[in-house]
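Spelled out from the first residue to the last, the chains are:
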Amino acid sequence: MTTLAGPTAATLPPFVSYQNQQLMVEGVPLAALAHEHGTPLFVYSRAAMLSALAAYQRGLAGREHLICYAMKANSSLAILQALVRAGCGLDIVSGGELERALAVGIDPSRVIFSGVGKTRAEMRQALQVGIGCFNVESRAELDVLDEVARDMGLRAPVSVRVNPNVDAQTHPYISTGLKGNKFGIAHEDVLSTYTHAAACKGLRVVGIDCHIGSQITQTGPYVDAMDRVLDLVERIEAAGVHIEHIDFGGGLGIDYQGDTPPEADVLWQALLQRMDARGFGDRKICIEPGRSLVGNAGVCLTEVLYLKPGEQKNFLIVDAAMNDLPRPAMYQAFHRIVPVVPRNNATASTWDVVGPVCESGDWIGRDRELAVHPGDVLAVLSAGAYCMSMASNYNTRGRAAEVLVDGTQAHLIRARESLADQTRLERLL
Ligand SMILES: Cc1ncc(COP(=O)(O)O)c(C=O)c1O
Ligand SMILES: N[C@@H](CCCC[NH3+])C(=O)O
């Protein structure tokens, strides 16, 4: 047992703060939102998303570029709308995500279609609306896309995703640029894939694509991957195929637990210098950031249900679970957890914060020092990315509601999912 001094500003994301002993997102007290909408509840800051986007916009200013928000990180319509209105294109990985993109009124030429398993139907759907580019991930996919486009009397704009075999030094489940990963075309097969694509009547080569993983916190892997991509561009162009744009990633990390990734503008200054030095300063740049735009813009509010002290472990049972916040169960990921109204100078204990789902893997935080009573509301921080978009109905739990804060205004952007919503498509015999 310790006496709790209370969480410090240093451990809170931008636009999340304590004011008068109340945790706020921008100008809105979270206790009031929990009271009004119930818990679990996701709350996002619009200003936090736009400020994260502005760092990329500064870094790429003066260059022809397209920032395609990777909506897999959080595909809620109002989030997409906010980012598209602020100038983003979109990166999609399914026909469903394409429908979401269209629903927020995007110009389809500002959409990039990524992913290893696009179906013919998805290809047709994307070609019909005039998608900006398909990032193709295998020779087999390239040939199917060629066939689909020729059938429609069209030429599909394509980039080949290359697998540079660079270690992004991130969690193995979210590393994508190593030879053992399913993503991209192996370095040594890239040139022949491009010469083949250039000869296909249904394809129009527009770019090259590389993405080495997610939650990357170091600059080194990016520079290594950029060098490999530029080596390939040199070889591809020497073979007579022009590359208009370079789609380059590796999702920049965010601070979950004292992580110190480079700022987006600083990273891109370094990468642009590299491109300039190698004579590719004239190329359009596309990027596909997801987590770094929305991750630290969101918190998940959850109410403490029960305290269950034990001989080996103390469990704090809350009303959010692995179906709402799957990252700890999936990747043993760390999210900071803080009280919405701190009980400063109260006696704290060490708790495993767990949900009501019937799985031992249903935990949200381990060994956390908290002074709490049943009925208190906690905020799980850095919950804007890969939480709501990966949420499920496991244990027939409705997915949480979502609120978007803008200054002192709070807008409900998704209602809580009801049992009727969950069973709508089911039939009894
Ligand atoms: C091809 C591609 N683009 C974009 C992203 C988004 O990455 P992040 O959320 O790390 O920015 C990913 C995820 O790793 C990806 O695989
Ligand atoms: N879902 C992962 C990121 C996946 C990135 C997409 N390729 C996470 O929560 O960290």
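For clarity, every value in this text was computed on a predicted model and none was experimentally measured.

1. Side note on the overall build of the protein chain
Then comes step 1: When helices and strands are tallied, the protein chain shows 12 helices and 22 strands.
Then comes step 2: Taken against the 2.2 N^0.38 rule, which gives 22 Å for 429 residues, the C-alpha radius of gyration of the protein chain at 23 Å falls within 12% of a compact globule.
Then comes step 3: Each principal axis of the C-alpha distribution contributes one length, and for the protein chain these read about 70 × 60 × 40 Å.
Then comes step 4: Looking at the protein chain residue by residue over its 429 residues, the buried ones come to 54%.
Then comes step 5: Within the protein chain, residue pairs in contact and separated by at least 24 positions form 70% of the contacts whose partners lie at least 6 positions apart.
Then comes step 6: Carbon together with sulfur atoms contributes 50% to the accessible area of the protein chain, which is approximately 18,000 Å² in total.
Then comes step 7: Side chains of the protein chain give 38 positive and 47 negative charges; the mean places of these two sets differ by 3 Å.

2. Section: unusual backbone geometry
Then comes step 1: Each neighbour pair has its own omega, and for Thr 39 with Pro 40 the value is -5°, a cis peptide bond.
Then comes step 2: The phi torsion at Asn 345 lies on the positive side, around 65°, for a residue other than glycine.
Then comes step 3: Its place among the elements puts Asn 345 in the loop between β17 (337–339) and β18 (347–354).
Then comes step 4: Under the relative-accessibility criterion, Asn 345 is labelled exposed at 61%.

3. Describing the layout of surface pockets
Empty space among the atoms can be located by rolling a probe the size of a water molecule over them.
Then comes step 1: The volume enclosed by the second largest pocket comes to roughly 570 Å³.
Then comes step 2: As for the second largest pocket, its lining consists of 30 residues, and the residues nearest its centre are Pro 14, Ile 254, Glu 263, Ser 292 and Asn 296.
Then comes step 3: Mapped by element, the contributors of at least two residues to the lining of the second largest pocket are α2 (46–59) and α10 (291–294).
Then comes step 4: Broken down by element, the lining of the second largest pocket gets its largest block of residues, 5 residues, from α2.
Then comes step 5: Considered class by class, the residues forming the lining of the second largest pocket number 18 nonpolar, 8 polar and 4 charged.
Then comes step 6: Lining the lining of the second largest pocket are residues from two domains, each supplying at least three of them: domain 1 (7–46 + 295–423) and domain 2 (114–289).

4. Observations regarding the confidence of the model for the protein chain
Then comes step 1: Averaged over all residues, the pLDDT of the protein chain equals 95, while 97% of them reach at least 70.
Then comes step 2: Interface confidence for the predicted complex, given as ipTM, is 0.99, next to a pTM of 0.96.

5. Some remarks on the site of ligand 1
Then comes step 1: Around ligand 1, the neighbouring residues are Ala 70, Lys 72, Asp 91, Arg 161, His 211, Ser 214, Gly 251, Glu 288, Pro 289, Gly 290, Arg 291 and Tyr 386.
Then comes step 2: Separating a nitrogen atom of ligand 1 from a side-chain N or O atom of Glu 288 is a distance of 2.6 Å.
Then comes step 3: When ligand 1 is considered free in solution it has 390 Å² of accessible area, and contact with the protein chains removes 93% of it.
Then comes step 4: Within the shell around ligand 1, the residues separate by chemical class into 3 nonpolar, 4 polar and 5 charged.

6. Considering the domain arrangement of the protein chain
Then comes step 1: Domain boundaries assigned for the protein chain yield domain 1 (7–46 + 295–423) and domain 2 (114–289).
Then comes step 2: Domain 1 puts 10 residues into the contact, and the matching count from domain 2 is 9 residues.
Then comes step 3: Roughly 880 Å² of surface becomes buried between domain 1 and domain 2 when both sides are summed, with 51% attributable to carbon and sulfur atoms.
Then comes step 4: When residues of domain 1 are sorted by the area they lose upon contact with domain 2, Tyr 331, Phe 334 and Arg 336 head the list and together hold 53% of the total.

7. Quick look at the side chain of Arg 161
Then comes step 1: Among the secondary structure elements, Arg 161 is positioned in strand β10 (residues 156–163).
Then comes step 2: Judged by relative accessible area, Arg 161 falls into the buried class, the value being 7%.
Then comes step 3: At 2.9 Å, the side chain of Arg 161 forms a polar contact with the side chain of Glu 137.

8. Focus on the pairing of strand β3 (residues 22–25)
The side chains of a regular strand alternate between both faces of the sheet.
Then comes step 1: One ladder, built from 4 bridges, connects strand β2 (residues 16–19) with β3; its direction is antiparallel. Bridged to Val 16 within β3 is Val 25.
Then comes step 2: Joining the antiparallel neighbours β2 and β3 is a turn of 2 residues, in which Asn 20 adopts a positive phi near 50°.
Then comes step 3: Two elements, β3 and strand β4 (residues 28–29), share 2 bridges in a ladder whose sense is antiparallel. Residue pairing for β4: Met 24 is matched across the bridge by Pro 29.

9. Brief notes about the pairing of strand β21 (residues 401–406)
Then comes step 1: Along β21, 5 of the 6 residues are buried, which leaves the element largely enclosed by surrounding structure.
Then comes step 2: Bridge count between strand β5 (residues 41–45) and β21: 5 bridges; the pairing is parallel. Paired with Ser 45 across the bridge in β21 is Val 405.
Then comes step 3: Pairing analysis gives 5 bridges linking β21 to strand β22 (residues 409–414), with the strands arranged antiparallel. Each bridged residue has a counterpart across the sheet, and for Val 403 the counterpart in β22 is Leu 412.
Then comes step 4: In sequence, β21 turns back onto β22 through a hairpin of 2 residues, with Gly 407 there showing a positive phi of about 70°.

10. Considerations on the sheet that holds β3
Then comes step 1: Read from one edge of the open sheet, 3 strands run β2-β3-β4, paired in antiparallel fashion. Among the strands making up the open sheet, the edge pair consists of β2 and β4.

11. Observations concerning the state of the cysteines
Then comes step 1: A full pass over the atoms with the stated rule returns 0 disulfides.
Then comes step 2: We note that Cys 68 lacks a disulfide partner, and the nearest cysteine sulfur, in Cys 286, lies 5.8 Å from it.
Then comes step 3: Looking at Cys 68, the relative accessible area reads 0%, which means it is buried.
Then comes step 4: No disulfide involves Cys 387; its sulfur sits 7.4 Å from the nearest other cysteine sulfur, which is in Cys 300.
Then comes step 5: By relative accessible area, which is 1% here, Cys 387 ends up buried.

The rules behind the values
Residues numbered from 1 in each chain as written. Chains lettered and ligands numbered in written order. Predicted model: local features only at pLDDT ≥ 70, side-chain atom pairs only at ≥ 80, totals over all residues. Heavy atoms only, no water. Helix = DSSP H or I, 4+ residues; strand = E, 2+ residues; numbered from the N terminus. Rg over C-alpha atoms; globule rule 2.2 N^0.38 Å. Buried < 20%, exposed > 50% of the residue type's maximum accessible area, 1.4 Å probe, protein only. Contact = heavy atoms within 4.5 Å. Areas by Shrake-Rupley, 256 points an atom, 1.4 Å probe, with all protein chains shown as cover. Lys, Arg positive; Asp, Glu negative; His and termini not counted. Charge placed at Lys NZ, Arg CZ, Asp CG, Glu CD. 1 Å grid on protein atoms, 1.4 Å probe; cavity = no way out; pocket = protein on both sides within 12 Å on 5 of 7 lines; lining within 4 Å. Points joined across faces, edges and corners; volume = space filled by probe spheres on them. Nonpolar A, V, L, I, M, F, W, Y, C, P; charged D, E, K, R; others polar. Domains from an automatic or database assignment. pLDDT = per-residue confidence, 0-100. Near = heavy atom within 4 Å. Polar contact = N/O pair within 3.5 Å; in protein donor to acceptor, adjacent residues only side chain to side chain. Buried area = accessible area lost by both parts, 1.4 Å probe. Pairing = 2+ DSSP bridges. Disulfide = S-S within 2.5 Å.

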